[in-house]
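# Fold and contact review
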Amino acid sequence: MANRDKKGRIMTKTEKIKELMSMKNEDVEFSGALADADDVEALRRSEAADDRQLRKMDDGWTS
């Protein structure tokens, strides 16, 4: 549902940015003491994906 909202209409660039930024505020609990290797790898990949997404936003959207 990345390109469309619940009504089925195509979202504007501003709406996409608002939705992305609201997703960044999700509350997720993480415990480094309980993390295994897979958890650490998932965290590293998540941070790398966030960096790529923010870089894309700074450079401008292509769609």
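Labelled according to an unreviewed UniProt entry, the protein appears under the name YfhD family protein, originating from Paenibacillus albilobatus.

Within the protein, the regular secondary structure consists of 2 helices and 0 strands. Counting only residues that meet the buried cut, the protein has 6% of its 63 residues in that class. Working note: accessible area of the protein is about 5,700 Å², and carbon and sulfur atoms make up 51% of it.

On to helix α2 (residues 37-59), then. With 23 residues, α2 extends 33 Å between its outermost C-alpha atoms, agreeing within 8% with the 33 Å of an ideal straight helix rising 1.5 Å per residue. Taking the backbone nitrogen of aspartate 38 as reference, a side-chain oxygen 3.2 Å away marks aspartate 36 as the first, capping residue of α2.

What counts, and at which threshold
- Residues numbered from 1 in each chain as written.
- Predicted model: local features only at pLDDT ≥ 70, side-chain atom pairs only at ≥ 80, totals over all residues.
- Heavy atoms only, no water.
- Helix = DSSP H or I, 4+ residues; strand = E, 2+ residues; numbered from the N terminus.
- Buried < 20%, exposed > 50% of the residue type's maximum accessible area, 1.4 Å probe, protein only.
- Areas by Shrake-Rupley, 256 points an atom, 1.4 Å probe, with all protein chains shown as cover.
- Expected span 1.5 Å × (residues − 1).
- Polar contact = N/O pair within 3.5 Å; in protein donor to acceptor, adjacent residues only side chain to side chain.

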